[in-house]
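Working through the structure, step by step
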Amino acid sequence: MLFSEEKIMKVMNFLVNNFGRPSTDIAKNPVVLLLSLEKRIIPRCSVVQILIARDLVKNGLGFSAFLLINEKSFLEKYVIKFQDVFPQLLSVYQNKMDILDVEIQSEKVCGTGQL
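Below, the structure is looked at part by part. (Residues numbered from 1 in each chain as written. Predicted model: local features only at pLDDT ≥ 70, side-chain atom pairs only at ≥ 80, totals over all residues. Heavy atoms only, no water.)

So, about unusual backbone geometry. Positive phi outside glycine occurs at Asp55, with the angle close to 55°. Along the chain, Asp55 falls in the loop between helix H3 (37-53) and helix H4 (63-66). For Asp55, a relative accessible area of 68% gives the class exposed. (Helix = DSSP H or I, 4+ residues; strand = E, 2+ residues; numbered from the N terminus. Buried < 20%, exposed > 50% of the residue type's maximum accessible area, 1.4 Å probe, protein only.)

Structure representation (structure tokens):
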């Protein structure tokens, strides 16, 4: 079953509680509930969270800007474009590195406590 209650709840929980988006955003784009949490939503949201924290992209991006675009477009627009600033983005996207790891490395390089 594509649309189980458990899957809907997991996606909603992540997007609302972990990514900080209002449930109304999901209601406006219910197609995001069809996407894979582990393979698409979490990796892309992780990259976007880093970019937002560094003011490299605007906060409040619509889901269609980063979740609904194809793989090539996402990589070009959000990973490759910022590789010079954040070489770890590809590793974060590939789930090889957690956001916390990026924060720790950033603190070591920049000497700050903020991401």
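What follows continues from the structure just given.
Taken together, Val31, Leu34 and Leu68 make up a surface patch of nonpolar side chains, about 220 Å² in accessible area. Along the chain, Leu68 falls in the loop between H4 and helix H5 (71-79). (Patch = residues over 30% accessible without salt bridge, like charges linked within 9 Å, V, L, I, M, F, W, Y side chains within 5 Å. Areas by Shrake-Rupley, 256 points an atom, 1.4 Å probe, with all protein chains shown as cover. Salt bridge = Lys/Arg side-chain N within 4 Å of Asp/Glu carboxyl O.)

Here the focus is the packing of aromatic side chains. Under the counting rule described, the total for this entry stands at four aromatic pairs. An aromatic cluster is built from Phe19, Phe63 and Phe66, whose rings are joined through pairwise contacts. Between Arg21 and the ring centre of Phe63, over which it is positioned, the NZ or CZ distance is 4.8 Å. (Phe/Tyr/Trp six-rings, centres within 6.5 Å; stacked < 30°, edge-to-face > 60°. Lys NZ or Arg CZ within 6 Å of the ring centre and 35° of its normal.)

For the rest of this paragraph, the subject is the packing of helix H1 (residues 5-18) against H3. It is the contact of H1 with H3, at a shortest axis distance of 11 Å, that shows an interaxial angle of 5°. By the criterion of interaxial angle, the relationship of H1 to H3 is roughly parallel. The segment H1 lies against H3, with Lys10, Val11, Phe14, Leu15 and Asn18 engaging Leu37, Ile41, Ile42, Cys45 and Gln49. Within the contact of H1 with H3, the residues separate by chemical class into seven nonpolar, two polar and one charged. (Axes fitted to C-alpha atoms, helices over the stretch in contact; angles between N-to-C directions. Parallel < 35°, antiparallel > 145°, perpendicular 65-115°, else oblique. Contact = heavy atoms within 4.5 Å. Nonpolar A, V, L, I, M, F, W, Y, C, P; charged D, E, K, R; others polar.)

A few words on the pattern of salt bridges. Going through the model one piece at a time under the given rule, you end up with four salt bridges. Among the salt bridges present, the one from Glu71 reaches Arg44, with a minimum N-O distance of 3.4 Å. Here Arg44 lies in helix H3 and Glu71 lies in helix H5, a separation of 27 residues in the sequence. For Glu71, a relative accessible area of 40% corresponds to the partly exposed category.

A few words on the environment of Ser46. Structurally, Ser46 is set in helix H3. At a separation of 2.8 Å, a polar atom in the side chain of Ser46 contacts the main-chain carbonyl oxygen of Ile42. (Polar contact = N/O pair within 3.5 Å; in protein donor to acceptor, adjacent residues only side chain to side chain.)

Further remarks concern H1. The end-to-end C-alpha distance of H1, which contains 14 residues, comes to 19 Å, matching closely the 20 Å that a straight helix rising 1.5 Å per residue would cover. Val11, Phe14 and Leu15 are the residues of H1 that are buried. Buried positions in H1, seen along its axis, are confined to an arc of 90° and lie on one side of it. Those residues of H1 that are exposed and angled more than 90 degrees off the buried face are Glu5, Glu6, Met9 and Asn17. (Expected span 1.5 Å × (residues − 1). Arc of directions from axis to C-beta.)

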